Amino acid sequence: MGHAIRMTRHLTHIALALLTSLTSWSCAAQAADDVRIGAPLALTGSLADEGKKQALAYDMWLTRVNATGGIAVEGQKKKVKLITDDKVHVVMAPFGSGHTKIVAGVAERYGVPVVASVASSESVYDQGFKNLFGTLAPNSGLVDAMLTLFTREYPTLKKVAILGRDDVFPRDMAETLRTRAGTAGLEVVYSEFYSNGTIDHSAALAKIKGLAPDWIYVTGYSQDLILARKQMYDIGLTAPIVTMITGPAYREFVEGLGPLAEGVTSVTWWHHTTTYDSDDAWGSTKAFYEDFQSRESSDPDYIHASSAAALVAVQKAIETAGSLEPAKIGAALRALNTTTFYGPIVFDEHGMNAARDLPILQVQAHEVKVLFPASIAQARLMTFK
């Protein structure tokens, strides 16, 4: 794609590109005509769909910012380039908590800020990194929102079965529910993990079926969840509440399952029906939504929004710092307190964005409906018979 975005194919290449980039960083970068933002992306493999969403959002932001002359640094507008090497000032993390942890470890050695748009696991942000910042709220807020809503809307909810992918974010989401379920009066009757690349969940699903849970909770990425949902149907497994993290947040999940997506719930970090006014490249949630639709003729999801918002945060930090020196950009990010089209961005002491009311979703009548928060709710929880 255009605008000098160059992509790497594998995570090892990403790490090597960043290592080359950061070790060659010098004061010459400060005098460059462009703001240089490292943008490594996973565009092949199991996370290719998610990586392409990041690329699209980055390009949307880049187009709007460069159309106005670029980012203001010491009173001078500088054009922006998103690249994978050549003396970057800031690094954007690739998709996922696992990838983010690797990239943050490399960048930390050289004092270069890393802004993660799709990493929400607390286990990434508790490593003592001083230069890691994430635009997603912590995983615990997602789980707490579901526990509150589901126990209120379905008072007879007592037993939950958990099946999670053994990867950083899916594991954290599974573990968070397992440890917090008791506080909501729930019994965890099953809690196991499946390895990456698993193509048959039938044994685990059969065990779950025998336990007759009220809530089936599966974590993973889109293709994992599509497979698990189809195999649930094949063996006749269901429950009053079926949650797949974060399946319904993705158009490809709903389209890939068709009627089998009906009734599946999830939670997400952002939904286009939220309403925020801002002073960023878009100015409002509505404007971002309209810009996205003009390009894609579909609705943006949280990956698109968070990825674009991460670059908004970088722009605001650079303009506040009035410098392209990484240490000054990092200090400005730590002090950032702003509202964007995506919502508030305030980084806590660990570099995570502050928690807020996070949307809970459910597929109803072939559409994704918001169940919570009340301010943007479009429907109430529908349970399976």
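The model shown is predicted, which means the values in this text are computed figures rather than measured ones.

Visitor: Could you clarify how one ought to interpret the overall build of the chain in this entry?
Guide: Helix and strand content of the chain: 13 helices and 15 strands. For a compact globule of 385 residues, the expected C-alpha radius of gyration is about 21 Å, and the chain comes in at 21 Å, within 12% of that figure. The principal-axis extent of the C-alpha atoms belonging to the chain is close to 65 × 40 × 35 Å. When the 385 residues of the chain are sorted by exposure, 58% land in the buried category. Carbon and sulfur atoms make up 51% of the accessible area of the chain, which totals about 14,800 Å². Both charge centroids of the chain, one from 35 positive and one from 40 negative side chains, sit 1 Å from each other.

Visitor: Mind showing me how you'd approach the pattern of salt bridges here?
Guide: Pairs can form between side chains of opposite charge whenever their charged atoms are close. Under the criterion given, the structure shown has 16 salt bridges. Lys316 is paired through a salt bridge with Asp279; the nearest N and O atoms lie 2.5 Å apart. Here Asp279 lies in the loop between strand E11 (265-267) and helix H11 (285-296) and Lys316 lies in helix H12 (residues 302-321), a separation of 37 residues in the sequence. Look at Lys316 and you get buried, because its relative accessible area is 15%.

Visitor: Even after reading the chapter, I still don't get the packing of aromatic side chains, so can you show me in this structure?
Guide: Each pair of aromatic rings is reported with the distance of its centres and the angle of its planes. Tallied over the entire structure, the rule returns eleven aromatic pairs. Ring geometry for Trp269 versus Tyr302: centroids 4.6 Å apart, planes at 45 degrees, classification tilted. Within this pair, whereas Trp269 is found in the loop between E11 and H11, its partner Tyr302 is found in helix H12, the two being separated by 33 residues in sequence. Just as Trp269 is buried, Tyr302 falls in that class too. An aromatic cluster is built from Phe169, Tyr250, Trp269 and Tyr302, whose rings are joined through pairwise contacts. Just above the ring of Phe193 sits the side chain of Arg171; from NZ or CZ to the centre is 3.8 Å.

Visitor: Is there a simple way to explain helix H13 (residues 326-334) in this structure?
Guide: Because an α-helix completes one turn every 3.6 residues, residues spaced three or four positions apart along the sequence face the same direction. Listed in full, the buried residues belonging to H13 are Pro326, Ile329, Gly330, Ala332 and Leu333. Seen along its axis, H13 keeps its buried residues to an arc of 160 degrees; they face one direction.

Visitor: Looking at this model, I keep getting lost on helix H9 (residues 222-235). Mind explaining?
Guide: Given a rise of 1.5 Å per residue, 14 residues ought to cover 20 Å, and the 20 Å separating the end C-alpha atoms of H9 matches this to within 8%. Those residues of H9 lying buried are Ser222, Asp224, Leu225, Ile226, Ala228, Arg229, Gln231 and Met232. Positive backbone phi, at 75 degrees, marks Gly236, one or two positions downstream of H9.

Visitor: Would you mind going over the side chain of Gln231 with me for this structure?
Guide: Within the secondary structure, Gln231 sits in helix H9. Looking at Gln231, the relative accessible area reads 13%, which means it is buried. A distance of 2.7 Å separates the side chain of Gln231 from the backbone nitrogen of His201, its partner in a polar contact. Apart from residues no more than four positions distant in its own chain, Gln231 is found in contact with Ile199, Asp200, His201, Ser202 and Leu205.

Visitor: Sorry if this is basic, but what is going on with the packing of H12 against H13 here?
Guide: A pair of packed helices can be characterised by two numbers: the angle between their axes and the separation between those axes. Packing of H12 against H13 brings their axes to within 8 Å, and their N-to-C directions diverge by 115 degrees. Considering their axes alone, H12 and H13 lie roughly perpendicular with respect to each other. Seen along the crossing, H12 lies across H13 with a hand that is right-handed. For the pair H12 and H13, contact is made by Ala313, Val314, Ala317, Ile318, Thr320 and Ala321 and by Lys328, Ile329, Ala332 and Leu333, respectively. A per-class count over the contact of H12 with H13 returns eight nonpolar, one polar and one charged.

Visitor: Explanation requested: the pairing of strand E1 (residues 34-38) in the structure shown.
Guide: Residues in a regular strand point their side chains to alternate faces of the sheet. The element E1 is largely enclosed, with a buried count of five among its five residues. Of the pairings in the sheet, the one linking E1 to strand E3 (residues 76-83) comprises five bridges and is parallel in character. Counterpart to Arg36 in the pairing with E3 is Lys81. Relative to strand E4 (residues 90-92), E1 runs parallel, the two being bridged by two bridges. Bridge pairing in E4 links Ile37 to Val90.

Visitor: Whenever I open this one, the confidence of the model for the chain confuses me. Can you help?
Guide: Caution applies to low-pLDDT parts of the model: their predicted coordinates are not meant to be read in detail. Summary statistics for the chain give a mean pLDDT of 88 and a share of 90% for residues scoring 70 or more. Residue range residues 1-31 is modelled with pLDDT below 50. Its contacts to residues more than four positions away, or to other chains, number 75 contacts.

Visitor: Mind showing me how you'd approach the packing of helix H8 (residues 202-211) against H9 here?
Guide: Following both chains from N to C, one finds H8 and H9 inclined at 55 degrees, their axes separated by 10 Å at the closest point. Judged by the inter-axis angle, H8 sits oblique to H9. Crossing angle aside, the handedness with which H8 passes H9 is right-handed. Here H8 contributes Ser202, Leu205, Ala206 and Lys209 to the contact with H9, which in turn contributes Ala228, Gln231, Met232 and Ile235. For the contact of H8 with H9, a count of residues per class yields five nonpolar, two polar and one charged.

So, how was this worked out
- Residues numbered from 1 in each chain as written.
- Predicted model: local features only at pLDDT ≥ 70, side-chain atom pairs only at ≥ 80, totals over all residues.
- Heavy atoms only, no water.
- Helix = DSSP H or I, 4+ residues; strand = E, 2+ residues; numbered from the N terminus.
- Rg over C-alpha atoms; globule rule 2.2 N^0.38 Å.
- Buried < 20%, exposed > 50% of the residue type's maximum accessible area, 1.4 Å probe, protein only.
- Areas by Shrake-Rupley, 256 points an atom, 1.4 Å probe, with all protein chains shown as cover.
- Lys, Arg positive; Asp, Glu negative; His and termini not counted.
- Charge placed at Lys NZ, Arg CZ, Asp CG, Glu CD.
- Salt bridge = Lys/Arg side-chain N within 4 Å of Asp/Glu carboxyl O.
- Phe/Tyr/Trp six-rings, centres within 6.5 Å; stacked < 30°, edge-to-face > 60°.
- Lys NZ or Arg CZ within 6 Å of the ring centre and 35° of its normal.
- Arc of directions from axis to C-beta.
- Expected span 1.5 Å × (residues − 1).
- Polar contact = N/O pair within 3.5 Å; in protein donor to acceptor, adjacent residues only side chain to side chain.
- Contact = heavy atoms within 4.5 Å.
- Axes fitted to C-alpha atoms, helices over the stretch in contact; angles between N-to-C directions.
- Parallel < 35°, antiparallel > 145°, perpendicular 65-115°, else oblique.
- Left-handed = near helix turned anticlockwise from the far one by under 90°.
- Nonpolar A, V, L, I, M, F, W, Y, C, P; charged D, E, K, R; others polar.
- Pairing = 2+ DSSP bridges.
- pLDDT = per-residue confidence, 0-100.

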